[in-house]
Amino acid sequence: MDDRGKSNVKTFYFICLLICFCLCDDGKDPKNVCKHVPQKKINTAFLSVITHGHNSQNVTVNLNTITSECYTCDLQLTALIDTHHNMCTVLVDTRWKMKVSISSKHKNVNVSSSCGVDRLSNWFIEGGNYSIIVMIDGLKVQCDKLVRQNDPWDSNIPIYVAIGSFVGLILLWWFLKYLYRTHLLRRLQSYFRSDNAAFIDPVAKGNAIKGDFDAIKEIEKPISLTKGYNLRRRKNAKSILVPSKNDYAEQDLGVPTNTSEEDALRPRKERLKSLDTFRGISIVLMIFVNYRGGDYWFFRHSKWNGLTVADIVFPWFVWIMGTAMAYSFHSQLRRSTPKTRMFWKIFKRSCILFLLGLLINSSDGLNPVRMREFRIPGVLQRFAGTYLIVATLHMFFAKPNDPNQYTWWSPIRDITDYWFEWLFNIILVTIWLAITFGLPVPGCPRGYLGPGGLANDGDGKNVSLCTGGAASYIDRTIFGEGRIYQSPTCKEIYHSTVPHDPEGLLGILTSCFMCFLGLQAGKILRTFPDWKARVKRFIIWGIILGVIAVALCKGEKNGGYIPINKNLWSLSFVICLSCFAFFLFTFCYITIDVYQIWSGAPFYYPGRNSIFMYVAHLVLLPYFPVSIYVDETSHWAQLAMNLWGPSFWCLVTYYMHQKLIFYTI
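Source: prediction; values computed, not measured.

(A) Just helix H3 (residues 157-181), in detail. Its 25 residues give H3 an end-to-end C-alpha distance of 36 Å, which sits within 8% of 36 Å, the value for a rise of 1.5 Å per residue. Taken as a whole, H3 has its buried residues at Pro158, Ile159 and Leu179. Positioned one or two residues after H3, histidine 183 has a phi angle of 55°, which is positive.

(B) The arrangement of the pattern of salt bridges in detail. Scanning the model with the defined rule gives 13 salt bridges in all. Notably, a salt bridge pairs glutamate 421 with lysine 523, separated by 3.5 Å at the nearest N-O pair. In this pair, glutamate 421 is assigned in helix H13 (residues 419-438) and lysine 523 in helix H16 (residues 507-527), connecting sequence segments 102 residues apart. Grouping residues by exposure puts glutamate 421 and lysine 523 together as buried. Among the charged side chains, a salt-bridge network with shared partners connects Asp93, Arg95, Lys303 and Glu492.

(C) Spatial organisation of helix H14 (residues 469-478). Burial analysis of H14 places 7 of its 10 residues in the buried class, which makes it a mostly covered element. Within the span of H14, buried status applies to Gly469, Ala470, Ala471, Ser472, Ile474, Asp475 and Arg476. Contact partners of the buried residues in H14: H13. At the C-terminal side of H14, glycine 480 shows a positive phi close to 95°.

(D) A look at the pairing of strand E8 (residues 140-143). Burial along E8 is one-sided: the face carrying Val141 and Cys143 is buried and the face carrying Lys140 and Gln142 is not. As defined by bridge partners, strand E6 (residues 110-111) adjoins E8 across 2 bridges and the pair is classed as parallel. For valine 111, the partnering residue across the bridge sits in E8 and is valine 141. Here strand E7 (residues 129-137) pairs with E8 via 4 bridges, running antiparallel. Bridge pairing in E8 links valine 134 to cysteine 143.

(E) Molecular detail of unusual backbone geometry. Here the residue pair alanine 601 and proline 602 is connected by a cis peptide bond, since its omega of 0° sits within 30 degrees of zero. The topology assignment puts proline 602 in the loop between helix H18 (571-594) and helix H19 (604-608). Cis geometry is found at the peptide bond from phenylalanine 624 to proline 625, where omega equals 5°. Of note, proline 625 is situated in the loop between helix H20 (610-619) and helix H21 (635-658). Unlike most non-glycine residues, serine 336 shows phi in positive territory, near 55°.

Calculation rules
Residues numbered from 1 in each chain as written. Predicted model: local features only at pLDDT ≥ 70, side-chain atom pairs only at ≥ 80, totals over all residues. Heavy atoms only, no water. Helix = DSSP H or I, 4+ residues; strand = E, 2+ residues; numbered from the N terminus. Expected span 1.5 Å × (residues − 1). Buried < 20%, exposed > 50% of the residue type's maximum accessible area, 1.4 Å probe, protein only. Salt bridge = Lys/Arg side-chain N within 4 Å of Asp/Glu carboxyl O. Contact = heavy atoms within 4.5 Å. Pairing = 2+ DSSP bridges.

Written as structure tokens, this is what we have:
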């Protein structure tokens, strides 16, 4: 072929390529062109858009959606329905209300208000099949009402069954304990045996009754006066070792400073079962949500602002750590432990927690650690920093006794005796407020608290790269972008591209304040031996903190002065969770330690080995028998598997409790 022929071939190829490009490129995003029906997924429903009418003008219809959880976000193009496809099916989120609209890219097309957000938005039901019929008449587009074509089952039924099963097991356990304590089974067994014996041989029944009568007479014989001293000793021993219910409720868990001669005979130390139970509730919930919580949105972390079950467990641990701190320091001071030794213990415990946290962050199990991508912050690291600050401060002001017990300000001495600690924590909160709302972040509005990405909450400014505001900026500056959490919860719906770590540095200030509020509960327990005085103060603190939290967030999920936000550990978040902690601990304290109507089981056992539970459930997360692959599209299978994980670890800790195996740091 000569040069002229080669030139003609090249020209032909170029013309063909140009024609294909013109035909294919119609201003459409290939990712949004509707091509096939998607596969079913959990927490989703099917939405079909069907076009009818005379589409002589080749009008292209756009399906726009966005979840209402994406605060201040604009509608996003989800699918294109062109003249070649008169039907398009997509998946829509059922966890929150979905905003839906129909539009067209052609400016001369008149789209009716029936296709607007106000008419088509809906809270879809999981597993539902929905349809929107779009009528096209030349350059006019109208939409019929959204219609559900099937009747899906309630996706929350597995939760109802799980709750019913749990309550049934509790009732069965209480019934069996009642039978055991009252010896009812033995009585029934003896009754039927004695009746059979009398039926066979009447003399045997008479001899049996006579033998029982002689045994009773033997028991009721008067005791010799020479044994009176031993009898008094047994009475005293009983009053010491086995106190009555009221005595148990009134006595302090340590030895009060104003001990009488009778009080001195009481046990030197007694563990607060309600605190262990509270800790156990928190760790069991944490394991459940870490194992995906049945893939229900309220058992997962909030996408940004708001509060779910998964958001409450970690802060409660911080609060409980502060409460237990009061007892730990009191015991050390009564043993006259030097301050240097106390600080060394604090520092060593903080270092161990920090190193364990780094170990968990590197527990991939398959690939070696890449230091440029090694996450430094974490849950145990936050524990370490919080404990180091709060415990070191309290070490200087903890008291082995109660010197102001009989002063006029004694009703509030749990506050006045530690005024410097209050001042220090108020300064920490002030620093958090100053940095959060005053630190200039390049390219972001001052005091920004939003998720960035698709959010339009920057007063007209582009905030797509401002995720987390000052908190995230500090972490990226100190640790580097590769060494913090790369998949924040807001990434799913806000499509943010900036990494953000919920356990970052700035949040340590507010977590210290929450730990201090837990320490305040411990001071109440140490200061006031009367359980009524304790409960009254717990309830007062819960109410005060609840009012402050509502005032800070204006009672709204978004738009308050300081929204409740776990990703930022906002001030309203720690105050709100402290409010819940006071109320829940009050319930545990009354039912377990005061009236003893609940033993704390089964949460008491994991509460005694909480650090073991936390580390073990993360390290062994992908292994049998804790984790088994199940159907990912079924809440039934997911919830059953995710409930099995915490149950398994509860059984392990129960065995450890029976064998007196306890791991502490």
